[in-house]
Structures are given as C-alpha cells and as structure tokens.
Amino acid sequence: MPVKLTSVAGGAVTINPPNTASTFTLTLPAATANLVSTGDTGVISQTMIGSGMYAGYGPAFFAYNGGGAQSVTSGVITKIALTSTLFDTSARFDTSLYRFLPLVAGYYQVNCNVLFGSVGIATSYVGVQLYKNGSSYSYTTNQPNNTNWAGSFLSTLVYLNGSTDYIEMYAQYQGSGTWQAVAGAGYTSMSGYLARAS
C-alpha cells in the first residue's frame with residue numbers, strides 16, 4: 001500500500017511501491033542530502049552519481065591548423081601545429097604546444113585528421129599518429145591515389161590520468177619532395193571528448 005508523508009504546510013509525498021509479489025529495499029544515505037530522480041531539472045553533481053561516470057559537461061575540444069599550410073618532410077614524423085580551436089570546453093588545449101592535457105581522468109575518444117597537398121609529387125604512403133606523453137600511441141597509414149592530395153584519418157580511445165597525461169597529433173609521409181598539411185578546420189584537425197570518467 002502507498003505511504004504518504006505530509007508536511008506541516010500541507011504538502012505531501014507519496015511513496016507508491018510496485019504492484020508485484022517481490023520485495024524491494026530503498027536504502028537512504030546516512031547523511032543530509034537531496035535525492036536525484038528522473039524528474040530532476042537542476043544540476044546533478046559528480047557526488048550524486050558516484051565515481052563511475054562523469055556528470056555531464058565533460059571536457060571536449062576541436063583543434064585545427066589555423067595558420068598556413070605546414071610543410072612535412074619525407075620520412076620525418078612531424079608534430080602538427082594545431083594553432084586554433086573551434087571549441088575547448090575545459091580550456092585545456094594548448095595552442096602554443098599543440099597538445100591536450102585534461103584535468104579529468106578517464107577514457108577519451110580522439111579523432112585525428114590530416115589532408116596533405118602537393119604539386120605532382122609521387123608518394124608511397126601518408127599517415128597520422130596520436131602521441132601520448134611524447135610517444136606514439138596509435139597510428140594509421142594509407143596509399144594516396146593521386147599526386148596532388150592525400151588524406152589520413154585516425155579514431156581511437158585513450159586513457160588520460162587527469163594530471164600529467166597529454167596527447168598530440170603527428171603526421172608523416174614517405175616519398176619524394178615536400179608535402180604540406182593543409183590548413184583549416186575541415187582539413188587538418190584533432191578532436192576529442194571524455195567518453196567515460198575513471
């Protein structure tokens with residue numbers, strides 16, 4: 001049967017158990033606190049939901065080469081100068097060092113994209129790499145089908161400890177001459193967001 005709690009002012013809260021033969025237990029914390037329900041419209045804090053997930057508003061960023069095209073020499077793994085951001089919700093992307101260093105520990109979904117341009121120069125492959133703390137973490141390469149444009153894309157999950165771990169984007173190609181990483185948010189970029197806090 002329902003349990004009704006009535007306040008001095010006349011308002012009431014009714015606790016209505018499910019209509020089943022099973023027994024359920026509602027355990028309240030040994031503390032003065034607010035209960036969170038599906039009807040809540042206020043801010044839900046991290047403390048309310050525990051440490052297994054992040055209470056929304058997790059770090060997210062989109063950084064790109066906002067300057068001129070960046071030259072990349074054959075066989076040289078080169079850090080891409082991500083000098084601008086479309087957004088950076090936690091202000092943790094450094095556009096001087098071209099790296100992301102978040103203050104929330106967890107697993108981050110990261111995407112890296114680079115478009116190379118040249119003028120009639122043959123090449124055997126182009127690639128993009130994600131570096132974590134100065135070392136290669138994940139990479140991909142592909143063979144271009146023409147001598148003017150070639151792109152490479154990488155998507156991965158990476159754990160960052162929320163204090164010292166950082167990530168950067170590098171690119172490379174193997175062939176003759178010098179290719180350039182094309183500038184612009186739609187061509188050469190790195191983006192990411194917190195997928196799950198730890």
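Parameters and conventions
Residues numbered from 1 in each chain as written. Predicted model: local features only at pLDDT ≥ 70, side-chain atom pairs only at ≥ 80, totals over all residues. Heavy atoms only, no water. Buried < 20%, exposed > 50% of the residue type's maximum accessible area, 1.4 Å probe, protein only. Helix = DSSP H or I, 4+ residues; strand = E, 2+ residues; numbered from the N terminus. Pairing = 2+ DSSP bridges. Contact = heavy atoms within 4.5 Å. Patch = residues over 30% accessible without salt bridge, like charges linked within 9 Å, V, L, I, M, F, W, Y side chains within 5 Å. Areas by Shrake-Rupley, 256 points an atom, 1.4 Å probe, with all protein chains shown as cover. Salt bridge = Lys/Arg side-chain N within 4 Å of Asp/Glu carboxyl O.

Participant: Go over the pairing of strand S12 (residues 149-160), please, and point to the residues and values.
Facilitator: Here S12 shows one buried face, formed by Ala 150, Ser 152, Leu 154, Thr 156, Val 158 and Leu 160, and one open face, formed by Trp 149, Gly 151, Phe 153, Ser 155, Leu 157 and Tyr 159. In this sheet, S12 lies alongside strand S9 (residues 106-117) in antiparallel orientation, the contact comprising 12 bridges. Within S12, the position partnered with Asn 113 by the bridge is Phe 153.

Participant: Requested: an account of the environment of Ala 63, with residues and values cited.
Facilitator: Structurally, Ala 63 can be placed in strand S3 (residues 60-64). C-alpha separation for the pair Ala 63 and Phe 100, spaced 37 residues apart in sequence, amounts to 9.2 Å. When residues no more than four places from it in sequence are discounted, the contact partners of Ala 63 are Leu 82, Ser 84, Thr 85, Phe 93, Thr 188, Ser 189 and Met 190.

Participant: So, the environment of Leu 115: which residues are in play, and what are the values?
Facilitator: As for its placement among the helices and strands, Leu 115 is situated in strand S9. Here the alpha-carbon distance between Leu 115 and Ala 171, two residues 56 residues apart in the chain, equals 9.7 Å. Not counting residues within four places of it along the chain, the set of residues in contact with Leu 115 comprises Trp 149, Ala 150, Gly 151, Gln 180, Ala 181, Val 182, Tyr 187 and Thr 188.

Participant: Break down a nonpolar patch on the surface for me, citing the residues and quoting the values.
Facilitator: A cluster of nonpolar side chains, namely Val 3, Leu 5, Val 13 and Ile 15, defines an oily patch on the protein surface of about 350 Å² accessible area. Within the residue set of the nonpolar patch, elements represented by two or more residues are strand S1 (3-6) and strand S2 (12-15). Examined against the element boundaries, Val 3 turns out to sit in strand S1. What makes Val 3 partly exposed here is its relative accessible area of 43%.

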